[in-house]
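Listed below, chain by chain, are the residues.
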Amino acid sequence: MMTMGRPTVMPLATCTGPLRLRRTMDPDITEDSLSATSERRSSSDSDTNQQRTPFGYPRSLDDFIAASSSSPSSSASGQLPTNKTTPWRYCLIFLSLGVANSSDASEILCISYVLSLPDFQSQILHSHGAGVLAATVFGGMLLGGLLVGSLGDYRGRRPMLLIGLAINCGAGILSACSPHLYFLCLVRFFAGIGIGATVPPLFTLCSELPSARDRGFWVSVCASFWMVGSIYVAIVGWVVLQVYGYSWRLFVLACSLPSALGWLMVYLFVTESPRFLLLHGRYDRAAAIANYLADCMGSRLDAMTEQELREHDILLENIHTQQSSEHECNKQYLSVRGYVATQPTDQTFGEFIQSTCSDFFESVTQLYTQSSLRRTTMLLQVIWFSLSFGSYGLLTWINTLFVQIHLNNIYRNALLFALANLPGNLFSAILMDRVGRTKLLIGSILLASASLLVFAQAVFMSDTDQATMATEGDEIVIDKSHKRARIIVTAACLFQCFSISAWNSVDVLTGELFPTVVRASGMGVCTASGRIGAMLAQFINGALLRQPVRLLLVAALTLLVGAIAPLLLPADHTGKAVHDRIVVAHYQRSVSGSYQQLATRHPASA
């Protein structure tokens with residue numbers, strides 16, 4: 001019978017010997033390069049001369065990554081590196097994650113194009129089922145984000161990301177072969193599962209791989225690839241559907257290519273999160289990947305060692321345990337989440353499924369039972385719901401809406417709508433680490449809502465002009481109608497610009513506010529709330545499609561609700577290290593990782 005490794009929790013004190021560590025599905029290039037990097041970087045290190053913080057404590061993972069990021073191409077001794085390193089390898093990691101994110105955009109947006117095609121309506125829809133088809137994708141995203149994506153906290157971020165991309169690609173290919181509406185709804189549901197399983201581990205990796213100083217930038221870069229996917233779909237739709245007049249099946253097949261490319265790039269270039277490995281007691285693997293990331297950044301600092309990570313983890317556990325007794329924290333939770341060194345045991349496939357479900361429910365339960373997380377989780381769910389209702393609900397129907405309000409050349413307008421992502425991404429990337437995530441999120445949502453109000457006003461006046469032109473045929477009215485059309489397209493592009501800025505902000509904010517032990521689960525729960533909002537929007541917008549002004553007003557008012565919730569959130573982590581454990585420690589760390597208050601309470605030995 002098939003058996004799998006099942007981690008069992010053990011105190012660090014009992015793990016004196018070398019651990020038999022479970023390995024995640026790391027890429028071949030990483031297996032070889034990690035070993036080579038560790039050997040090369042460790043050759044200059046001495047067991048008796050480990051690197052320490054200014055207060056005499058062993059370096060943490062945050063210390064090492066921050067130092068590697070802030071002082072590339074320099075060694076601890078101040079000498080230049082003996083061999084040239086290539087920082088482009090570090091950029092390639094986030095480029096791969098960005099391509100994976102673009103596949104989500106291509107799979108979601110392709111439906112908005114085929115829904116407006118007369119051939120598709122006659123072959124598949126038969127005058128019914130448009131709302132159901134649009135909602136099935138988001139139904140699958142709800143299930144994928146809540147169940148599959150959340151398993152990244154237990155099975156690894158990278159394996160879950162690869163699984164999601166594989167499901168996404170396969171479902172996209174099968175969609176092109178659909179004989180009828182019911183089969184298409186089924187495969188689009190599985191495509192949604194793949195998309196939902198991709199988002200939580202993807203943005204979790206984006207939050208955990210870079211340093212605190214650069215986290216906002218790199219998450220914004222990865223999120224900006226949604227624009228790349230939307231532009232890709234717009235160009236493919238223009239060429240395949242309008243220029244050459246090919247079938248919608250070829251268009252849907254072409255939209256599955258980013259998923260295949262994303263899977264390949266993630267498999268080849270993206271490593272597992274060292275923070276995840278550290279929290280699960282895989283110190284040697286965490287140290288090796290940390291050294292690999294530092295090498296990719298061009299840093300020649302002395303290598304991070306397994307012993308340093310062990311000593312630092314034991315130090316934090318002692319402090320957490322002492323403070324839990326002083327402040328009467330949840331000791332049982334500390335015993336489960338604090339001692340995370342693992343050893344595998346054999347289990348059957350059925351036991352693996354059972355333990356997987358148990359892990360999921362345990363992790364999600366912590367989000368609502370821990371007072372430090374409950375409020376944050378619920379407020380973020382409100383934000384995700386309102387943003388998804390207002391943005392995804394409109395994205396699915398934007399081309400059909402352009403047709404409904406009599407705009408010519410919907411593919412050109414759709415391309416302009418997709419290109420509007422670019423200024424939004426630049427806007428958020430520049431301001432993310434300067435004004436803070438919360439302020440940028442609130443401002444972006446308010447501007448997006450205002451754009452929809454202008455959109456609705458222009459549509460209302462355009463409808464009035466159309467009625468006047470039908471009765472009078474005045475050339476002045478025709479000229480006004482053309483101006484209204486330009487205002488409509490401009491307002492739609494502004495909405496897309498500011499909404500993508502809001503999405504970039506909430507992606508960064510969500511990944512930072514949840515601690516590492518439940519970060520993927522927190523992302524999964526929040527994305528699930530967003531999918532509920534997106535599903536609800538499909539039915540409401542489908543019903544209001546012949547009343548576009550009301551549709552736009554409902555979306556604008558829903559966005560305004562999402563602008564209020566961030567005011568009640570805790571302070572964001574702009575420029576700060578993210579938390580690893582749920583229990584809030586009563587010491588303060590600077591960005592460099594030094595422990596001021598800790599040194600006062602526990603002076604280091606000479």
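Scroll up a little and you will see the structure.
Structure report, in brief. This is a predicted model, so every value here is computed, not measured. (Residues numbered from 1 in each chain as written. Predicted model: local features only at pLDDT ≥ 70, side-chain atom pairs only at ≥ 80, totals over all residues. Heavy atoms only, no water.)

Between the first and last C-alpha of helix α20 (residues 421-435) there are 20 Å, a value that for 15 residues agrees with the 21 Å anticipated at 1.5 Å per step. Among all positions of α20, only N421, G424, N425, S428 and M432 are buried. Positive backbone phi, approximately 100°, marks G436, located one or two places after α20. (Helix = DSSP H or I, 4+ residues; strand = E, 2+ residues; numbered from the N terminus. Expected span 1.5 Å × (residues − 1). Buried < 20%, exposed > 50% of the residue type's maximum accessible area, 1.4 Å probe, protein only.)

Turning to helix α13 (residues 283-296), a few remarks are in order. The first and last C-alpha atoms of α13 sit 20 Å apart over 14 residues, in line with the 20 Å expected at 1.5 Å per residue. In terms of residue burial, α13 counts as a mostly covered element, since 13 of its 14 residues are buried. Taken from the residues just after α13, G298 is the one with a positive phi, measuring 85°.

All told, the structure shown has nine salt bridges when counted by the stated rule. Of the charged contacts, one joins E208 and R157 as a salt bridge, the two residues approaching to 2.7 Å between their closest N and O atoms. You can see E208 sitting in helix α8 (residues 181-208) and its partner R157 sitting in helix α7 (residues 157-175), a full 51 residues away along the chain. A residue is classified by how much of its surface remains accessible, and E208, at 4% relative accessible area, is buried. Using a relative accessible area of 1% as the deciding quantity, one classes R157 as buried. (Salt bridge = Lys/Arg side-chain N within 4 Å of Asp/Glu carboxyl O.)

The next subject is the environment of L184. For L184, the location among the structural elements is in helix α8. For L184, a relative accessible area of 2% gives the class buried. For the pair L184 and G172, spaced 12 residues apart in the sequence, the C-alpha separation amounts to 9.9 Å.

Among the structural elements, S529 can be located in helix α23 (residues 519-543). At 2.8 Å, the side chain of S529 forms a polar contact with the side chain of Q381. If we ignore the near neighbours within four places in the chain, the residues touching S529 are Q381 and F385. (Polar contact = N/O pair within 3.5 Å; in protein donor to acceptor, adjacent residues only side chain to side chain. Contact = heavy atoms within 4.5 Å.)

Coordinates in, geometry out; function isn't part of it.
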